Amino acid sequence: MLIKRLLLSSIITSLMAISATAQGSKKARKFMVATANPVASQVGYDILKRGGNAIDAMVGVQLMLNLVEPQSSGIGGGAFLLFYDAKRNEVSSFDGRETAPLKAKGDLFLKEDGSPMKFFDGVVGGRSVGTPGTLKLLEVTHRNFGSLPWEDLIQPTIQLAEKGFRVSKRMAASVERDAERLRTFPATKSYLFLNDNTPIPEGTLLRNPDFAQTLRLIAAHGSEPFYYGEIARDIVRTVQEAKGNPGKLSLADLRNYWVIERPPVCHDYKQYQVCGMGPPSSGALTIGQMLGMLSHFSLDDLSPNGPKFVHLFAEANLLAFKDRGLYMADSDYVDMPIKGLLDPKYLEMRSKLINSSRVSDSMSPGVPPTALNYKLSPDASMELPSTSHFAIVDAQGNAVSMTTTIENGFGSRLMTRGFLLNDELTDFSFRPERDGQLIANRLEPGKRPRSSMSPTLVFNSKGQLHMAVGSPGGSRIIPYVAKTLLGVLEWNMDIQEAINLPNIAKNFGTMELEVGTSAEQLKADMEQIGHKVRVRPLTSGLQGIVVTPSGLVGGADPRREGLVLGE
Ligand code: GLY
């Protein structure tokens, strides 16, 4: 009870003390937490301060993010966790990704004439909702690694949901931008709009008693009501009765959901070992390919803001995405050449396709060793920016790097019991095949959609934890995280400096340069060597912590509302 009272009073104080845009590099000696929202960072800090470990803090942070940043993540969605257990000196990865309903088939997003639906016709409504995994992930990992009582970690969010929180600038802008879609469903509309039907403005005191009630059940009974009981029934009813676009999710899907511990995908970069989430995420493999190819160029002679590096980075990005589109999907359903994709000789060969002074014409998927008999078609499924990332290092040296999502901003736009339901099924290819060949990331019953989420942990040559990092941003998560890794590992930048570097992406045909940064000045140079260029916002939400000999150094992305706290 004492913990509960202390946590609550500390949150209320922080609500008054922390400005909505607080962010910046921070140093600490014992523990640190970096999340996308100041209130969520404060909950993580309070838990660590009371002696909780990184997994305890993860539970508190995730539930608070669900309340105060509902557009990005929550118990209606899925997540990937990279966890470093300091005592055992082990890194493990946990897959809490959504699954496709057992009754869904590969034609879920096809129209009657066999052509794919428009993206948002698939997103909005029950059709896109996969079986949520985040709550089960919290519960399973807390049961195995947590130290504080489960219910104490949930109390701060219950109490703030009841008392109300101030709507942040980013949340208010997100509601306004998406107002038309959000008004489709009565529960969502009544939560996110004022009585006169205008979107809730920044600073509104927003109460969510339905979510408080949901969390009370979860605090008392764990995930049981969510996967088997009254919350499960409400989720299924909401999906199956969604006006105009019902979905296939059933009670059987919820009952059969499980979290999978998978081997992390690790690769070497210089003296470091970089570990991330393997399939169904494409994150670690694609980042590993990019860094592996770039290691064949003398990057340390180049400026991270100069034209030579930007060109090389973009070409490595595109080449890696060619393999991603052809081979990467849920490896429980598709035989993937995981080892071959990171084979050093293969990556050296692929790096030779990069011409260092102009755009190369030969950018197609390669044939990694062990992938000789593949007959697949490339996929270019859309993944729009959304999602949230947080990093935690506790006083015992354990670390959490977790990327968590309900997919599109506000997910399917369906709300039940105070939380939003994901639209993760739109991360599958809408087409199951092309030119008579199957697409690896096609929808199949029970399968997990391919992700770009890239929660990452880096270890030094002695095997000690060096860094935890990740980002939201749809498929651009991959170049955002790759850029930050290079900033720290290649150029020895402070994590905040690395996060602040201009974002660059070339996932598909066009090079994207971040508007309002020095990168936009490279447009003419890049066009001259053959790139098609677009200058645009590239709103990463990178959060990272680096372990240095003098303590922890944390950074939060100034492009969003993140905050680092530590002691
Ligand atoms: N839905 C975003 C991702 O999984 O990459």
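Residues numbered from 1 in each chain as written. Predicted model: local features only at pLDDT ≥ 70, side-chain atom pairs only at ≥ 80, totals over all residues. Heavy atoms only, no water.

A.B. asks: Is there a simple way to explain the pairing of strand β9 (residues 272-276) in this structure?
C.D. replies: In regular strands, side chains alternate between the two faces of the sheet. When you tally the buried positions in β9, you get four out of five residues, the bulk of the element. Where strand β8 (residues 265-269) meets β9, five bridges bridge the pair, whose relative direction is antiparallel. Looking at the pairing, Tyr269 lines up with Tyr272 of β9. What sits between the antiparallel neighbours β8 and β9 is a turn of two residues, in which Lys270 has the positive phi angle 50°. The pairing of β9 with strand β16 (residues 456-459) spans three bridges and is antiparallel. In the sheet register, Gln273 faces β16, and the bridge partner there is Phe459. (Buried < 20%, exposed > 50% of the residue type's maximum accessible area, 1.4 Å probe, protein only. Helix = DSSP H or I, 4+ residues; strand = E, 2+ residues; numbered from the N terminus. Pairing = 2+ DSSP bridges.)

A.B. asks: Explanation requested: the sheet that holds strand β7 (residues 260-262) in the structure shown.
C.D. replies: Strands pair in a sheet through their backbones, by hydrogen bonds, and they do so in one of two ways: parallel or antiparallel. Taken together, the seven strands give an open sheet; going across it, the order is β7-β4-β3-β11-β10-β2-β23, and neighbouring strands pair in antiparallel fashion. Among the strands making up the open sheet, the edge pair consists of β7 and β23 (563-566). With direction set aside, neighbouring strand axes in the sheet form an average angle of 15°. Pairing of strand β3 (residues 78-85) with strand β11 (residues 399-405), which is carried by seven bridges, proceeds in the antiparallel orientation. Bridged to Ala79 within β11 is Thr404. This element, helix α3 (residues 54-68), spans β2 (32-35), β3, β10 (388-393) and β11 of the sheet and lies at about 155° to β10. Sitting on the sheet, helix α5 (residues 134-145) touches β3, β4 (90-96) and β11, and the angle it makes with β3 is about 20°. (Axes fitted to C-alpha atoms, helices over the stretch in contact; angles between N-to-C directions. Contact = heavy atoms within 4.5 Å.)

A.B. asks: I would appreciate a short explanation of helix α12 (residues 230-240) in the present structure.
C.D. replies: Every α-helix carries 3.6 residues per turn, so stepping three or four residues along brings you back to the same face. For α12, the set of buried residues is Ile231, Ala232, Asp234, Ile235, Val236, Thr238 and Val239. Along its buried surface, α12 packs onto α10 (209-221), α11 (224-227), α13 (251-255), β12 (415-416) and β13 (419-420).

A.B. asks: In this structure, what is going on with the sheet that holds strand β19 (residues 511-514)? I would like to understand it.
C.D. replies: The mixed open sheet is built from three strands, whose spatial order is β18-β19-β20. The sheet is open, and its two borders are formed by β18 (504-505) and β20 (533-536), each paired with just one other strand. For β18 and β19, the ladder comprises two bridges, and the chain directions are antiparallel. Within the sheet, the bridge partner assigned to Ile504 lies in β19 and is Leu513. Against the sheet, helix α15 (residues 307-327) touches β18 and β19, its axis set at about 130° to β19.

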